[in-house]
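Geometric and topological summary
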Amino acid sequence: MKPMECEYEAEVLAAAIESRWPDGVDAQLRAHVFSCAICSEAALVSSAIGKAREEMRASVVVPDSGRVWWLAQIRARREAIAAAGRPITLVQMVAFACATGLLGACFGATSSWFQSALRRIASSSFAPLLAEHATLAIGIGAALVLVPAAACFAIARTKQ
């Protein structure tokens, strides 16, 4: 069975992470790494990670702090505007619903042909059927109104 750890592994890792491998370590540790499979793998992997880190560090462009602050201010303003607009949008939706209901009530009360059509429907053969399934019709109507409203509120909450 192969050993899983070596007592020099921590030293090899520290040397590789600090970019001292292989020139910055003593000859005894280098000789051990060439003879120990665990330490040679640790040195190889940590050196590759260190080289990749140095390459990435060289290619990273850090933006100017003033630009970061400016973009953060713009984002904060946009979020504040969106937060202030939510109650206004809700009030507009309620006002539109009320205006539509009032318009429908006025139309129904003043239109004689609409009232006669309603009387015909009520006296037809569908009236008993509608009376039997009124709760189902009300439930379907409520679902048609509540499901989109719930979806709208859920989407609005996920954007916050």
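Being a predicted model, the structure only gives us computed values, none of them experimental.

The rules behind the values
Within any chain, residue numbers begin from 1 and follow the written order of that chain's sequence. In view of the model being predicted, local features appear only for residues whose pLDDT reaches at least 70, and side-chain atom pairs are presented and counted only at 80 or more, with totals across whole chains, interfaces and linings using the full set of residues. Excluded from the side-chain calculation are hydrogens and water; included are all heavy atoms of the structure. Numbering of helices and strands runs from the N terminus, with a helix taken as a DSSP run of H or I at least four residues long and a strand as a DSSP run of E at least two residues long. The size measure is the radius of gyration over C-alpha atoms, and the globule rule it meets is 2.2 Å times the number of residues to the 0.38 power. Note on terminology: a nonpolar core comprises buried Ala, Val, Leu, Ile, Met, Phe, Trp, Tyr and Cys residues joined through side-chain atoms within 4.5 Å. Each residue is assigned to one of three classes by its accessible area relative to the maximum for its type, calculated with a 1.4 Å probe on protein chains only: buried under 20%, partly exposed between the two thresholds, exposed over 50%. Geometry is summarised by axes, namely lines fitted to C-alpha atoms with helices restricted to the contacting stretch, and by angles between N-to-C directions that run from 0 to 180 degrees. When describing relative orientation, an angle under 35 degrees is termed roughly parallel and one over 145 degrees roughly antiparallel, while 65 to 115 degrees is termed roughly perpendicular and anything else oblique. Any pair of residues with heavy atoms lying within 4.5 Å of one another is described as a contacting pair. Only Asp, Glu, Lys and Arg are considered charged in this grouping, and only Ala, Val, Leu, Ile, Met, Phe, Trp, Tyr, Cys and Pro are considered nonpolar; every other residue, Gly among them, is considered polar. In what follows, salt bridge is the name for a side-chain nitrogen of Lys or Arg lying within 4 Å of a carboxyl oxygen of Asp or Glu. The score called pLDDT rates the predictor's confidence residue by residue, from a low of 0 to a high of 100. Here the arc refers to the set of directions running from the helix axis out to each C-beta atom. Candidate patch residues must exceed 30% relative accessible area and have no salt bridge, after which like charges are joined if within 9 Å and Val, Leu, Ile, Met, Phe, Trp or Tyr side chains if within 5 Å. For every accessible area listed, the method is Shrake-Rupley and the probe measures 1.4 Å; residues are considered covered only by the protein chains on display.

Within the protein one finds 7 helices and 0 strands. Listing each helix as α and each strand as β along the protein from the N terminus yields α-α-α-α-α-α-α. Relative to the 2.2 N^0.38 estimate, which gives 15 Å for 160 residues, the radius of gyration of the protein is 37 Å and therefore markedly larger than a compact globule would have. C-alpha extents for the protein along the principal axes are approximately 105 × 50 × 20 Å.

Next up on the list: the nonpolar core. With 12 residues, the main nonpolar core is built from Cys6, Val12, Ala15, Ala16, Trp21, Val25, Leu29, Val33, Cys36, Ile38, Cys39 and Ala43. Of all the secondary-structure elements, those providing two or more residues to this core are helix H1 (9–17), helix H2 (27–35) and helix H3 (37–59).

Attention now goes to the packing of H2 against H3. Packing of H2 against H3 leaves a shortest axis separation of 5 Å and a crossing angle of 105 degrees. The orientation of H2 relative to H3 falls into the category roughly perpendicular. Across from His32, Val33 and Ser35 in H2, the residues of H3 making contact are Ala37, Cys39, Ser40 and Ala43. In the contact of H2 with H3, the residues fall into 4 nonpolar, 3 polar and no charged.

What follows deals with the pattern of salt bridges. In this structure the tally under the stated criterion is 3 salt bridges. In this structure, glutamate 54 and arginine 53 form a salt bridge, with 3.9 Å as the shortest nitrogen-oxygen distance. Overall, arginine 53 belongs to the partly exposed group, its relative accessible area being 32%. As a salt-bridge pair, arginine 57 and glutamate 54 come within 3.7 Å of each other at their nearest N and O atoms. Here glutamate 54 and arginine 57 lie together in helix H3, a separation of 3 residues that amounts to about one turn. Using a relative accessible area of 35% as the deciding quantity, one classes glutamate 54 as partly exposed.

Quick look at the confidence of the model for the protein now. Confidence in the prediction of the protein, expressed as mean pLDDT, is 81, and 91% of residues score 70 or more. Mean pLDDT per element in the protein: helix H6 (residues 126–132) is the minimum at 68, and helix H4 (residues 65–110) is the maximum at 87.

Bringing H1 into the picture now. Taken together, the buried positions of H1 are Val12, Ala15 and Ala16. Projection of H1 onto a plane perpendicular to its axis shows the buried side chains occupying an angular sector of 95 degrees, all on one side. With respect to the buried face of H1, the exposed residues turned more than 90 degrees away are Ala10 and Ile17. Residues of H1 that are buried make contact with H2 and H3. Immediately beyond the C-terminal end of H1, within one or two residues, lies serine 19, with a positive phi of roughly 60 degrees.

Together, Leu136, Ile140, Leu144, Val145 and Leu146 line one region of the surface with nonpolar side chains, adding up to about 530 Å² of accessible area. Take valine 145: it is sitting in helix H7 (residues 134–159). Here valine 145 falls in the exposed class, since its relative accessible area comes to 58%.

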